[in-house]
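# Notes for the structure review
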Amino acid sequence: MTDSLTGRSKLQNERASINQQIIRQMRMRAGAENLLRATSNNKVCEMVGLELSYINSNLQLLMEQLEGLNINGGPLKRRPFKTDFILEHYSEDGSSFEEEIADLMDLRQACRTPSRNDAGIETLAKYFSHMPLLESRFFSASRPMGVFFTWYDSFTGVPVCQQNPSLEKASILFNIGALYTQIGTRSNRQTAAGLQVAIAAFQKAAGVLHHLKETFTHTPSYDMSPSMLSMLIKLMLAQAQECLFEKIALSGIRNEFFSLLKMAQEAAKVGDTYDQVHQSMIQTPIKDNVPFFWSTMAQVKTNHYRSLAHYFLATALLDHQLRPSDDEDQQEKALSQAYDAMPDGRSALDILRKREERRRVGKAHLRRAVMGHEQGLRIHGLCRHLRKLDVLQDILQASHKRSLAKFNDNDREDEFTDYLEAPDIISKTEHKAEMESPMSTKVKVTDFFRRLGPLSVFSAKLRWTAPRTVRLRLEDRDLGFTLRGDPVPVQVTSLDPLCPAAVDGLKDGDYIVAVGDADCKWMVVSEVMRLLKNVDEDGIDIRVVSLMDSGLPMPTKSATYCGGIPKTYSMICLAFDDDKSPKGRKVTKKGSFLSWGVKNHLKSSSTLSLPTADYSGTLPWNKPCPTFPSSILWRSMGSGLK
């Protein structure tokens, strides 16, 4: 016994020590960031930046150490839940719920590393659907449990600790959205079926994040702030729009006037959506936390797809002359609808009818295409992470080479410099990406703690007396009261104050929770009457509870830790007692049901992809499109109560 207590104390002391070090590093980081904002001295900024890098590395190591301790010390943390709340609030022996607690912990453990497919979504959604039940059972607004949910911000890595289970629900919802982005990234975008999977996944990710933004409006974590979620929603829809473009181009693009004009506007639509993403990324305070890789890639994609749009329109003008058999009115209408204002005041009909005008306008579009590709290559070279993506550079270079070659083919040596400026192309799509609300977040589940009784009555917000035993005896075949039980449980009503049961302590309005050895919490009136009808002369014992008036004041706000230093953050890990698992069931080591916590730093790859390179002279938009990860988008939960 002494060795066990010594080992437990050592583990608790190690936790406390690491927590204190984390707090110290957080203080140093806050001071360094304040100094960085206050100074304009380049040398000081360089020194502070180096110090911040060192501090962030230390924080990461400390968090990993703490997570390892929490995993190893998981079984030590079940006792408070079983004895302090189940026993106190429900008057039930917590040890009898060992199976339910283990099942719940198995589910929560699975949520830390879900599979990157629909089964993983179902696992997270199942746990998310259990959360309202658990919240109703164990979390009263008028009586804080002292349980802290701890998660790490997926962008900044800053820990956020809160007593309100809304943080847990919001974080799980965030990870459902992140998992959808990973499914979209992993899909095979070289096939129509794979592209459809990617489109649906990105649209569902946007839908989940929108639901999170609209439902959980006061989350303390920055990555779930309205501005950050709005940016992520735009990013998901941009990727879905890109996949829709790839799906249209998958079977090949006909070198035909109307088809090329349509693809020009489709490509312009993709470029505009990525431009909106980039504009939201460079706004304060988002720009301080979004990875440079993301914002750079959004710029590259904006330039690439707008350049493709100019290339398509130029090809439509240069490769196709107006013939007598063509529908002149239809071509005029299609071309005029591609611009807000016609190039240099020309009319659409003049451009279509005059070969030289078509060539001049086409060259102007090719000039913008070449310049756009060059700008994309320049931006690509600014980011170290993008430079590692050889396929991306190949795509940009191949597109630039193709546009430049077509420009040279239509250039004349004796021609003076033409300063005609091609106007912007109006973005238009027949298949707009839309947010999709996935039904997978609403999974039908069975309450783990159903044995505690109907949730409408036996919840954390209501309080009862401890169960009392009352002896029922018949007098002239009359119990002295009537029963009602719609819905369950059965309740005593119309009690005769002079009957033996009333004298023995039965009260009007009491709930019958047991008759003899039979649990009656889920029984209807007919089932309870069946147990009572055979009462003999000695009578039978029933167990009842009375509803108490809960008049405790409501807290004004929940306790939150977000880079600050509340006392509970470093000391809460010392507040647990030991408990042994029953020999009859093999229970894996895990954090307790109440050891909620930290957003898993698993990498979501919200994809940013481009068509593959093609040096053979064929069109690059006809080739399969590779995908690649962009950055971390996953919240990690803690394995131990902080």
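Given the structure is predicted, the values throughout are model-derived calculations rather than measurements. (Residues numbered from 1 in each chain as written. Predicted model: local features only at pLDDT ≥ 70, side-chain atom pairs only at ≥ 80, totals over all residues. Heavy atoms only, no water.)

### Some remarks on the overall build of the chain
The helix and strand tally for the chain stands at 18 helices and twelve strands. Counting across all 642 residues of the chain, residues that qualify as buried make up 51%. Put simply, 79% of the contacts in the chain that link residues at least 6 apart link residues at least 24 apart. When the accessible surface of the chain is summed, it comes to about 29800 Å², and 51% of that surface belongs to carbon and sulfur atoms. (Helix = DSSP H or I, 4+ residues; strand = E, 2+ residues; numbered from the N terminus. Buried < 20%, exposed > 50% of the residue type's maximum accessible area, 1.4 Å probe, protein only. Contact = heavy atoms within 4.5 Å. Areas by Shrake-Rupley, 256 points an atom, 1.4 Å probe, with all protein chains shown as cover.)

### What about the side chain of D326?
Position of D326 among the secondary structure elements: in the loop between α10 (292–319) and α11 (328–336). A polar contact is formed between the side chain of D326 and the backbone nitrogen of R323, at a distance of 3.0 Å. Ignoring any residue separated from it by four or fewer positions in sequence, one finds D326 in contact with Q321 and Q331. (Polar contact = N/O pair within 3.5 Å; in protein donor to acceptor, adjacent residues only side chain to side chain.)

### Here's the deal with the packing of aromatic side chains
Given two aromatic rings, their pairing is described by the distance between the two centres and the angle made by the two planes. Throughout the structure, instances matching the rule amount to eight aromatic pairs. Look at Y90 and W464: their rings are 5.9 Å apart centre to centre, the planes differ by 35 degrees, and that puts the pair in the tilted class. Of this pair, Y90 sits in helix α3 (residues 79–90) while W464 sits in strand β3 (residues 463–464), and the two are 374 residues apart along the sequence. An identical accessibility class is assigned to Y90 and W464; each is buried. Plain terms: the ring middles of F245 and Y305 are 5.6 Å apart, the flat faces sit at 85 degrees to each other, and that makes the pair edge-to-face. (Phe/Tyr/Trp six-rings, centres within 6.5 Å; stacked < 30°, edge-to-face > 60°.)

### Digging into the side chain of D153
Considering the arrangement of structural elements, one finds D153 in the loop between β1 (149–152) and β2 (159–162). A polar atom in the side chain of D153 sits 3.1 Å from the backbone nitrogen of Y222.

### Notes on the nonpolar core
Formed by 123 residues in total, the largest nonpolar core has its most connected members in L232, W294 and F312. Per element, the largest residue contribution to this core is 15 residues, and it comes from α10. Taken domain by domain, the makeup of this core includes at least three residues from each of domain 2 (286–409) and domain 3 (464–546). In terms of nonpolar packing, the next biggest core, distinct from the first, is built from 21 residues, V490, L495, C499 and C520 among them. (Core = buried A, V, L, I, M, F, W, Y, C linked by side-chain atoms within 4.5 Å. Domains from an automatic or database assignment.)

### So, the confidence of the model for the chain
A residue-level look at the chain finds 78% of positions with pLDDT of 70 or above and a mean pLDDT of 78. Low pLDDT, under 50, characterises residues 1–6; the predicted model gives this stretch one contact beyond four residues in sequence or across chains. For residues 621–632, every residue scores under 50 in pLDDT, and the model assigns this stretch 55 contacts once sequence neighbours within four places are set aside. (pLDDT = per-residue confidence, 0-100.)

### Here's the deal with the environment of I22
With respect to the helices and strands, I22 occurs in helix α1 (residues 2–38). C-alpha of I22 to C-alpha of L62: the two residues are 40 residues apart in sequence and 6.6 Å apart in space.

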